[in-house]
Amino acid sequence: MYTTKTLQDEIRKLKKEKDVCILAHAYQSQDIWEVADYTGDSYGLSLEAAKVSQKTVLMCGVRFMAETVKILSPQKKVLLSAPGAGCPMAEQMDVEAVHSLKETYPDYTVVAYINTTAELKTVCDICVTSSSAVKIIRGLADKNILFIPDCSLGAWVSQQVPEKNIVLVQGGCPVHQQITVVDVMSARERHPQAKLLVHPECLPEVSAMADYVGSTTGIMEYVKKSDGMEFIIGTENSIVQHLAFDYPGQRFYPLSAACICNDMRRTTLMDVYHCLQGNGGEEIMLADEVMEKARGCIVRMMEA
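Peer 1: Tell me about the overall build of the chain, and please be specific about residues and values.
Peer 2: Secondary structure summary: the chain contains 15 helices and 13 strands in total. Over its C-alpha atoms, taken along the principal directions, the chain stretches across nearly 60 × 55 × 30 Å. Going through the 304 residues of the chain one by one, you find that 55% of them count as buried. Put simply, the chain shows about 13300 Å² of open surface, and 51% of that area lies on carbon and sulfur atoms. The distance from the centre of the 29 positive side-chain charges to the centre of the 38 negative ones in the chain is 6 Å.

Structure (C-alpha cells):
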C-alpha cells in the first residue's frame, strides 16, 4: 500500500530511470505539482518541453495542452496522463464552423485562444494566450479581428484595445463563466480587506469588479509582488491551494466554491505512476499536416 509520499518517491524514481520530463498545468493538484519538473500555464509548459533534453514528456493537464507540446516538439514522445481529460471550451468549435465564419467575415484576421484543438489551429491565423492577447492583437496590422472561442476573454481584450473591431463568437470556459456578480459581492462581504484577482475567462461583469484581471501565472505573480495579506482568487480553485502552500503567512479564498474543472481533476497521482510504468496514459499522435499548419499559427504568436 502506498501513501502520497511513498507514491511520489516512486514517481520521482521512475521518471529519473526512464528519463521522462513531467509537466503539470497550474490547475493540477498540489501532490502532482510536487513531482513535476515544470509547472505553469499550457504555453509556458510547451516551451519548456521543447528545451529539455528528455525525449519523452508527460503532460498532466488536458488534451489540447499535450497537443501543443507535440506541435512544438514533434520529435518527442508526448504522453497525456489522463486520456479522458478534454477541455469543453477547446471543443466548442470545429474546422467547419471556422470556415463558415471566414465566409461571413472574409476580411478578418482569425485569432484563436491557445485553448483550442490542434485541428482548429490549422484554420486560424494566429494564436494568443490570456497573458499575450492584448499585446498581440494591438500589434496586428488588420483592424478587423475574429476572436475565437472565448467571448469573456475576447470582451476583456476589446476593452483594452478599443481601436480594433473585434467580433466575438459565442463560447467560453463553462467553469469560469459560472462565477457571478453575486459571488463577488458575497466574497467581498466575507473578506472586506482582500484583493480580488480574477482570470479574464470570467464573465465581463465579474472582471469589472476585480482589483486585478490576468492569466493564472499573472495572478500568482501579482501575489508574489503584493504586500497584501488576503486575496480572493477568481479562477480554478487549485490555485488557492498552490498559493496557500507558497505563501503560508497570507490567506487565500476561492471566489466560488464551484470553480472546479472536472477535466483537470481527472488526473491523479496514480495516473502519473501508471503512465510512467508504461501501462497508462496515451501517446499523442498528430498527422504531419495538422502539426505543420497548427505550428504556423503558434509560431506567428511567438514572433509577434
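So much for the structure itself; the text now carries on.
Peer 1: Talk me through the side chain of Asn237; I want residue IDs and the actual numbers.
Peer 2: You can see Asn237 is positioned in the loop between β11 (230-234) and α13 (238-246). For Asn237, a relative accessible area of 13% puts it in the buried group. A distance of 3.4 Å separates a polar atom in the side chain of Asn237 from the backbone oxygen of Ala257. Setting aside residues no more than four positions away along its own chain, Asn237 makes contact with Pro254, Ser256, Ala257, Ala258, Cys259, Ile260 and Arg265.

Peer 1: Give a detailed account of the pairing of strand β1 (residues 20-25), specifying residues and quantitative values.
Peer 2: The buried fraction of β1 amounts to 6 of the 6 residues, a majority that puts the element mostly inside the structure. Going residue by residue along β1, you find Val20, Ile22 and Ala24 tucked away on one face and Cys21, Leu23 and His25 tucked away on the opposite face as well. As judged from the 3 bridges shared by β1 and strand β2 (residues 38-40), these two strands associate in the parallel manner. If you follow Ala24 over to β2, its bridge partner there is Thr39.

Peer 1: Describe the nonpolar core, with residues and values.
Peer 2: Counting 111 residues, the largest nonpolar core has Ile11, Ile148, Val157, Ile233 and Leu255 as its most contacted members. When residues no more than four places from it in sequence are discounted, the contact partners of Leu255 are Ile179, Asp183, Val184, Ala187, Leu196, Val198, Val206, Ile232, Ile233 and Gly234.

Peer 1: Go over the sheet that holds strand β4 (residues 77-80) with me, naming the residues and quoting the values.
Peer 2: Paired through their backbone hydrogen bonds, the strands of a sheet run either parallel or antiparallel. The strand order β2-β1-β3-β4-β13 describes an open sheet built from 5 strands, whose pairing is mixed. Edge positions in the sheet fall to β2 and β13 (282-283), since each of these pairs with one other strand and no more.

Quick notes on the rules
- Residues numbered from 1 in each chain as written.
- Predicted model: local features only at pLDDT ≥ 70, side-chain atom pairs only at ≥ 80, totals over all residues.
- Heavy atoms only, no water.
- Helix = DSSP H or I, 4+ residues; strand = E, 2+ residues; numbered from the N terminus.
- Buried < 20%, exposed > 50% of the residue type's maximum accessible area, 1.4 Å probe, protein only.
- Areas by Shrake-Rupley, 256 points an atom, 1.4 Å probe, with all protein chains shown as cover.
- Lys, Arg positive; Asp, Glu negative; His and termini not counted.
- Charge placed at Lys NZ, Arg CZ, Asp CG, Glu CD.
- Polar contact = N/O pair within 3.5 Å; in protein donor to acceptor, adjacent residues only side chain to side chain.
- Contact = heavy atoms within 4.5 Å.
- Pairing = 2+ DSSP bridges.
- Core = buried A, V, L, I, M, F, W, Y, C linked by side-chain atoms within 4.5 Å.

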